[in-house]
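# Reading the structure
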Amino acid sequence: MTLSDAVLPAKGPASSTETRKKTVLSGVQPTGSLHLGNYVGALSVWVENQSQYNNLFCVANLHALTIPEAVNAAELRHNSRQVAALFIAAGIDPEESIIFIQSDVPAHPYLAWILGCCTPLGWLERMTQYKTKSAQAETIGSGLLNYPALQAADILLYKADFVPVGEDQTQHIEITRDIAQRFNHLFGECFPLPAPLTRASGARVMGFDDPTVKMSKSIAETRPGHAVSLLDDPDTIRKVIMRAVTDPGNETRFDYAQPGVKNLLVLYEVLSKEPRAAIEEKFAGKGYGFLKRELADLVIETLKPIQERYRQITTEPGYLDRLLAEGAGRASAIAERTLAEVRQLVGV
Ligand code: AMP
Ligand code: TRP
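Residues numbered from 1 in each chain as written. Chains lettered and ligands numbered in written order. Predicted model: local features only at pLDDT ≥ 70, side-chain atom pairs only at ≥ 80, totals over all residues. Heavy atoms only, no water.

### Section: the site of ligand 2
Convention followed: We call a residue near a molecule or strand when any one of its heavy atoms sits within 4 Å of it. As used in this structure description, the phrase polar contact means that two N or O atoms lie within 3.5 Å; if the pair is within protein, one of them must be able to donate a hydrogen and the other to accept it, and residues adjacent in sequence are counted only when both atoms belong to side chains. Surface accessibility in these figures is a Shrake-Rupley result with a 1.4 Å probe; residues are shielded only by whichever protein chains are displayed. Secondary structure elements are taken from DSSP: a helix is a run of H or I of four residues or more, a strand is a run of E of two residues or more, and numbering for both begins at the N terminus.
With respect to spatial proximity, 13 residues lie near ligand 2, and among them Gln-29, Tyr-147, Gln-151, Asp-154 and Gln-169 are the closest. Take Tyr-147: an N or O atom from its side chain is 2.7 Å from a nitrogen atom of ligand 2. Computed on the free molecule, ligand 2 has an accessible area of 370 Å², of which 92% lies beneath the protein chains in the complex. Elements with a contribution of two residues or more to the shell around ligand 2: strand 1 (23-28) and helix 7 (142-156). Per element, the largest residue contribution to the shell around ligand 2 is four residues, and it comes from helix 7.

The following block contains the structure:
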């Protein structure tokens, strides 16, 4: 499902549909700095739809253990808090939405075990992310293969209707539906089937240094020109975008532009919220230098208030800890209810 098809909020006076808002859940792995791709493909979608749904946003730190050789405990702890702070800085209202750290709610790995038992090996082996990551790993832990069962637990514990994610995650939402259906068939009706919620444009932001690959946290760690991190300073942002790979030419129409230019246009489209026709008119015949300068300004302007809020959040003593403890409590209350239902159905 794309954003334009999403369920619209109830209009007018309080109605029964307003009191029965649908549920959204999404998560991010705290494996490094969040980048513009995470913002455009995921966080900004959460924020735009926030008031329409009951929301839960999870820092998926248990998912970050699936490649244990890459784990540094102090870094993981730091990154988990940084990601949670960035959720809020990006515009998630912690009163309205539940923000929590996955490992603070033990029902997640508990349900993941049960769902893993219901998941045929062949389904897991077909996952693109598993195939890519296992090809790069020296030893493959079973957690890497079971990753989708834990993600399914994240989603199904809250009986989420929608999961707003970038395009790379849609396969994990599809397997979540399959797992839910199999559980329901084996043990009895328990889980509704969730649907992905992706942007029609901007669901797959490409690397600035190589528009043939998806912008990713792991590549960004070794290639400074690959991504813009949400906490980068204006000079760095400008440098990365001005050096973005584009072939020679001056085509700036969305349907005809080469991949590097298309990526810049799509970023401009999402961040400016301007219609395509206006953007094409603005950039027609101006050259790629102008497009890059304008995009860099827009990215800097977009990230400035996020960075300011991030600084406030992380310098106010105790604020984030309080908030995460509260989030864990609110999430646990829902998760424990579902887990009790599941335990009853499976007989444990
Ligand atoms: P991850 O960084 O893999 O934990 O991803 C967190 C969220 O950001 C998920 O919803 C991803 O689908 C989304 N995401 C990650 N990279 C991109 C990208 N390059 N373009 C769009 N969305 C992305
Ligand atoms: N697997 C997702 C990613 O790599 C992160 C994630 C964990 C997630 N649990 C989730 C996304 C639940 C959506 C719903 O991007």
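Moving on, there is more to tell.
### Points about the site of ligand 1
Inclusion rule: Under the grouping applied here, Gly and all other residues not named as nonpolar or charged are polar, the nonpolar ones being Ala, Val, Leu, Ile, Met, Phe, Trp, Tyr, Cys and Pro and the charged ones Asp, Glu, Lys and Arg.
Around ligand 1 sit 17 residues in total, of which Gly-166, Asp-168, Val-205, Met-215 and Lys-217 are the nearest. For ligand 1, an oxygen atom lies 2.8 Å from a polar atom in the backbone of Gly-166. Within the backbone of Val-205, a nitrogen or oxygen atom sits 2.8 Å from a nitrogen atom of ligand 1. When ligand 1 sits alone it has 480 Å² of accessible area, and the protein chains cover 93% of it. Here the element with the most residues in the shell around ligand 1 is helix 2 (residues 36-49); it accounts for four residues. Its residues assigned to classes, the shell around ligand 1 comprises six nonpolar, seven polar and four charged.

### Quick word on the pattern of salt bridges
Our working rule: Note on definitions: salt bridges are taken to be side-chain nitrogens of Lys or Arg within 4 Å of carboxyl oxygens of Asp or Glu. Think of it in three bands: residues with accessible area under 20% of the maximum for their type are buried, residues over 50% are exposed, and the middle band is partly exposed, with areas taken using a 1.4 Å probe on protein chains only.
By the definition in use, this model includes 10 salt bridges. The salt bridge involving Lys-159 is made with Glu-341; its shortest N-O contact spans 3.0 Å. Of this pair, Lys-159 sits in the loop between helix 7 and strand 4 (162-164) while Glu-341 sits in helix 14 (residues 319-346), and the two are 182 residues apart along the sequence. Note on Lys-159: relative accessible area 24%, which makes it partly exposed.

### Here we look at the environment of Arg-204
As a reminder of what qualifies: By the convention used here, residues are in contact when the closest approach between their heavy atoms is within 4.5 Å.
Mapped onto the elements, Arg-204 comes out in the loop between strand 5 (195-197) and helix 9 (217-222). Not counting chain neighbours up to four residues away, the residues in contact with Arg-204 comprise Glu-167, Asp-168 and Lys-214.

### Here we look at the pairing of strand 1
Stated formally: Strands qualify as paired when DSSP identifies two bridges or more between them. Convention used here: a crossover is right-handed provided that the path from the first strand, over the helix, to the second strand proceeds clockwise when the strands point away from the viewer.
Counting buried residues in strand 1 gives five out of six residues, a clear majority hidden from the surface. Relative to strand 2 (residues 54-59), strand 1 is paired through six bridges, and the arrangement is parallel. For Val-28, the partnering residue across the bridge sits in strand 2 and is Val-59. In terms of handedness, the path from strand 1 via helix 2 over to strand 2 forms a crossover that is right-handed.

### Considering helix 8 (residues 170-187)
To keep things clear, this is the line we draw: To estimate the expected span of a helix, count its residues, drop one, and scale the result by 1.5 Å.
Between its first and last C-alpha, helix 8 extends 26 Å over 18 residues, near the 26 Å set by a 1.5 Å rise per residue. Within the span of helix 8, buried status applies to His-172, Ile-173, Ile-175, Thr-176, Ile-179, Ala-180, Phe-183 and Asn-184. Where helix 8 terminates, the next one or two residues include Gly-188, which has phi positive at roughly 120°.

### Notes on the nonpolar core
In plain terms, the rule: Buried Ala, Val, Leu, Ile, Met, Phe, Trp, Tyr and Cys residues that are joined via side-chain atoms within 4.5 Å together make up what is termed a nonpolar core.
Membership of the largest hydrophobic core comes to 62 residues, with the highest contact counts inside it found for Leu-43, Phe-87, Phe-208, Val-228 and Val-299. Ignoring any residue separated from it by four or fewer positions in sequence, one finds Val-228 in contact with His-35, Leu-36, Phe-208, Met-215, Ile-237, Val-240, Ile-241, Val-299 and Leu-303. Core analysis: the next-biggest nonpolar cluster, separate from the first, contains 39 residues, Leu-25, Phe-100, Val-163 and Ile-175 among them.

Fair warning: the whole summary comes from geometry, so function is off the table for now.
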